[in-house]
Amino acid sequence: MSAINSNNSPKRIQLKVVPPKDLPETTPVPKTTPTSPVSADTPNHQPSTANQKTQPVKSGESFNLGRLILIGGLLAGGLWVSQMPIPTSVRTEAKLEPLSDSHRFVYMQVPGSITKFWVNSGDFVNAGQRVASVATLDLDAEIIQKQAKLQEQESSSSAALARIPVVQSKLEETLQIEMAARRQVEETRQEIEGMKSGNPPPEIQKFQAEIEALSSNITGIEAEIVGLKENLRGTEKLIAEYEQPKFKELMARIPLQEKLEQLRSQKATLIGNIGRKEQEILEIKHQMSAKAEEIAAVKLERQQKLANCQDELASRVAIKQTAMQELAAAKDEVAIRTPVIQTLKKELQKLQSEQLKNQILEAPISGIVVSQNLHEKVGKKMPENQDVLEIANLDKLVALIEVAQTDSDLVKGIFEKPSATVILQPLEPGLSAITTRIEKIEPVLQSDPSGQKQLLRVRAIVDNRQKLFQPNAKVYAQIEVEPIPLYQRVQRELMKLLKIRKYV
């Protein structure tokens, strides 16, 4: 609507859209025809209020309904897909080993040691075929003991034979030394007897002559001392006369005073000379005493020499006796050991002849030798019933499959069902996959070598009549389990990957 004011000028009226109130849900919205837009040139045109109320509501409802239908369809499709069962398998590794009842051991029949193996690891043998040679333990020990005794007897006899010329030479040398020692004892004893009878050796005679010469010197010096003492007494007498009171006034004179001083000086000189002469006598006596001591030392040395010579003679006599005993003992030892050596040689020859008859071990079944490192048993002493080697019939093998604990429930769930199949993929590209079934599941989980994981051990039988596989071979195992819904599969993988149960 529009209105005309008094000035006859058109004025735009402001319109406000008001939503309907208390309108029933089933009330249809009236269909309107589009009108021309209002412009300033058509002031008398009034826009429809119905179109302004209903057109936005119809467009929004149509858009929301389509989105809901699309989302619902996607959710329904995803739910349907998540419920679809999908094929599931457990993949791991396995190791091929012989069956427990398909291998036999070769045992020692009597105590002994392996002298030789006629087969090697991996060889195929027939039942009754010889596999090893054995020497009895007791016989070997007896032979070793006899050889040791024979070697001991021969060594002792050879040593005794070698000692005989040595001891003989030693005995002859000892006899010569003994004779020299006897001569030395006799000569020393004669010297001592000569000293006692007044016939001393040249050394003592020299010392005695020196003592006599020194004694003569003492006599001359003593005569000089007597003369010096007489002069001393005369000088002392003159000095005493000059020192009397009657000569005191005369002593004041210079000549008399000088005379007295000369007498006193002469007295001192005489006393000094007498003292020196007496000292010379003491020194000469000391020299005589030293010479006498040297004479005594020579006599003592002769006595000691005689004792040493006698000891040396006694020692040489003892050495001679020992050498004679050693010579006799060596000859006796050779005579005693000769028949013993002959007896031991005969016994050893007999034992060695018996040793050549080694016991032969034979294979109890036909199969392949699976024992390793047979050379380590050669020469090793073994008791009776000790296993020597193992022979396996490899027509069938057992696959030892290790399944992680996180997948153990899937494997246990199909164990009793006919569908419990296992696909084994060899590592060799030229070998085909093998399909078999689970034969046994171990009731107890085992730790892996690192101790970090727990494993379920599963066993499956492999047909190996064509000998395509060998024991200890590694294969990949795929255990087919029951299909499970997709959402459960995703849930299991997430739980294993994130270890949800460790934290929730």
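As the structure is a computational prediction, the values presented were derived from the model and not from experiment. (Residues numbered from 1 in each chain as written. Predicted model: local features only at pLDDT ≥ 70, side-chain atom pairs only at ≥ 80, totals over all residues. Heavy atoms only, no water.)

A.B. asks: What am I meant to see in the overall build of the protein chain here?
C.D. replies: A tally of helices and strands in the protein chain yields 7 helices and 17 strands. For the protein chain, with 504 residues in total, the buried portion stands at 26%. A separation threshold of at least 6 residues defines the contact pool for the protein chain, and within that pool the share at least 24 residues apart is 79%. Just so you have it, the protein chain exposes about 34300 Å², and 54% of that area is on carbon and sulfur atoms. (Helix = DSSP H or I, 4+ residues; strand = E, 2+ residues; numbered from the N terminus. Buried < 20%, exposed > 50% of the residue type's maximum accessible area, 1.4 Å probe, protein only. Contact = heavy atoms within 4.5 Å. Areas by Shrake-Rupley, 256 points an atom, 1.4 Å probe, with all protein chains shown as cover.)

A.B. asks: Mind showing me how you'd approach the packing of aromatic side chains here?
C.D. replies: Note on aromatic pairs: each is described by the distance of the centres and the angle between the planes. Per the counting criterion, the structure on display carries 1 aromatic pair. Residues Phe 105 and Tyr 107 carry aromatic rings whose centres are separated by 6.1 Å and whose planes lie at 45° to one another, so their mutual orientation is tilted. We note Arg 130 situated over the ring of Trp 118; from NZ or CZ to the ring centre the distance is 3.5 Å. (Phe/Tyr/Trp six-rings, centres within 6.5 Å; stacked < 30°, edge-to-face > 60°. Lys NZ or Arg CZ within 6 Å of the ring centre and 35° of its normal.)

A.B. asks: Sorry if this is basic, but what is going on with the sheet that holds strand β5 (residues 112-117) here?
C.D. replies: Think of a sheet as strands paired side by side through backbone hydrogen bonds, with each pair either parallel or antiparallel. What the 4 strands build is an open sheet, ordered β8-β7-β5-β10; its pairing is antiparallel. The open sheet has two free edges, formed respectively by β8 (359-362) and β10 (381-382), since each of these has just one partner strand. Relative to strand β7 (residues 130-136), β5 runs antiparallel, the two sharing 5 bridges. Its bridge partner lying in β7, Phe 117 is registered against Ala 132. Across the sheet, helix α2 (residues 137-196) touches β5, β7 and β10, and the angle it forms with β7 is around 50°. (Pairing = 2+ DSSP bridges. Axes fitted to C-alpha atoms, helices over the stretch in contact; angles between N-to-C directions.)

A.B. asks: For this particular structure, what's the right way to read the pairing of strand β11 (residues 387-392)?
C.D. replies: The side chains of a regular strand alternate, residue by residue, between the two faces of the sheet. Counting buried residues along β11, 5 of its 6 residues qualify, which places the element largely inside the surrounding structure. Where strand β4 (residues 103-107) lies against β11, 5 bridges are found, and the strand directions are antiparallel. Bridge pairing in β11 places His 103 opposite Ala 392. As paired elements, strand β9 (residues 367-369) and β11 share 2 bridges and run antiparallel to each other. Among the inter-strand pairings, Val 369 is bridged to a residue of β11, identified as Ile 391.

A.B. asks: Looking at this structure, how should I read the side chain of Thr 174?
C.D. replies: Residue placement: Thr 174 occurs in helix α2. A relative accessible area of 3% means that Thr 174 is categorised as buried. At 2.7 Å, the side chain of Thr 174 and the backbone oxygen of Lys 170 are in polar contact. Not counting the four nearest positions on each side in its chain, Thr 174 is found in contact with Arg 316, Ile 319 and Lys 320. (Polar contact = N/O pair within 3.5 Å; in protein donor to acceptor, adjacent residues only side chain to side chain.)

A.B. asks: Help me understand α2 in this model?
C.D. replies: Helical geometry note: an α-helix holds 3.6 residues per turn, so side chains three or four residues apart project in the same direction. In a regular helix each residue adds 1.5 Å, so 60 residues correspond to 88 Å; α2 covers 83 Å between its end C-alpha atoms and thus fits that length. Of all the bends in α2, the greatest reaches close to 30° and is centred on Arg 163; the proline Pro 165 follows between one and four positions later. Residue Gly 198 follows α2 closely and has a positive phi angle near 85°. (Expected span 1.5 Å × (residues − 1). Bend = angle between axes of the 7 residues up to and from the residue.)

A.B. asks: Please clarify how the nonpolar core should be interpreted in this entry.
C.D. replies: Soluble globular proteins tend to bury their nonpolar side chains together. If you look at the biggest cluster of nonpolar residues, it comprises 29 residues, and the most contacted ones within it are Ile 401, Val 411, Leu 424 and Ile 479. Secondary-structure elements contributing two or more residues to this core are β3 (85-98), β12 (396-404), α5 (408-414), β13 (421-426), β14 (434-441), β16 (454-463) and β17 (474-485). In this view, Ile 401 contacts Thr 92, Glu 93, Ala 94, Val 422, Leu 424, Leu 456, Arg 457, Val 458, Ala 460, Ala 477 and Ile 479; residues no more than four positions away in its chain are not counted. Counting 23 residues, the second-largest nonpolar core is a separate cluster that includes Ile 225, Ile 274, Ile 281 and Cys 309. (Core = buried A, V, L, I, M, F, W, Y, C linked by side-chain atoms within 4.5 Å.)

A.B. asks: Hey, could you run me through the pattern of salt bridges in this one?
C.D. replies: Pairs may arise between side chains of opposite charge once their charged atoms sit close together. Counted under the stated rule, the structure contains 18 salt bridges. Three or more residues are tied together by salt bridges with common partners; here these are Arg 163, Glu 333 and Arg 337. (Salt bridge = Lys/Arg side-chain N within 4 Å of Asp/Glu carboxyl O.)

A.B. asks: I'm lost on the sheet that holds β11 in this one. Help?
C.D. replies: Taking strand neighbours across the sheet as the criterion, the 4 strands line up as β4-β11-β9-β6 in an open arrangement whose pairing is antiparallel. Unpaired on one side and paired on the other, β4 and β6 (124-125) mark the two borders of the sheet.

A.B. asks: How should I be thinking about unusual backbone geometry in this particular structure?
C.D. replies: Among all residues except glycine, the phi angle is most often negative; among peptide bonds, the trans geometry is most common. The residue Asn 373 is not glycine, and still its phi comes out positive at about 55°. Within the element layout of this structure, Asn 373 appears in the loop between β9 and β10. Using a relative accessible area of 42% as the deciding quantity, one classes Asn 373 as partly exposed.

A.B. asks: What exactly am I supposed to notice about the confidence of the model for the protein chain here?
C.D. replies: Reading fine detail from the predicted coordinates is not recommended where pLDDT is low. Overall, the prediction assigns the protein chain a mean pLDDT of 78, with 82% of residues at 70 or greater. A low-confidence stretch, residues 1-59 (pLDDT under 50), is modelled with 27 contacts involving residues beyond four sequence positions or located in other chains. (pLDDT = per-residue confidence, 0-100.)

A.B. asks: I keep staring at the environment of Lys 229 and nothing clicks. Help me out?
C.D. replies: Mapped onto the fold, Lys 229 is located in helix α3 (residues 202-242). Other than its neighbours up to four places away in sequence, Lys 229 contacts Ile 274 and Glu 278.

A.B. asks: Can you help me understand the pairing of β16 in this one?
C.D. replies: Where β12 meets β16, 9 bridges bridge the pair, whose relative direction is antiparallel. The residue of β16 that forms the bridge with Glu 402 is Arg 457. As paired elements, β14 and β16 share 3 bridges and run antiparallel to each other. Residue Lys 440 lies in a different strand from β16, and its bridge partner there is Arg 459. In this structure, strand β15 (residues 446-447) lies alongside β16, joined through 2 bridges in antiparallel fashion. Within the sheet, the bridge partner assigned to Ser 447 lies in β16 and is Gln 454. In sequence, β15 turns back onto β16 through a hairpin of 6 residues, with Gly 451 there showing a positive phi of about 80°.

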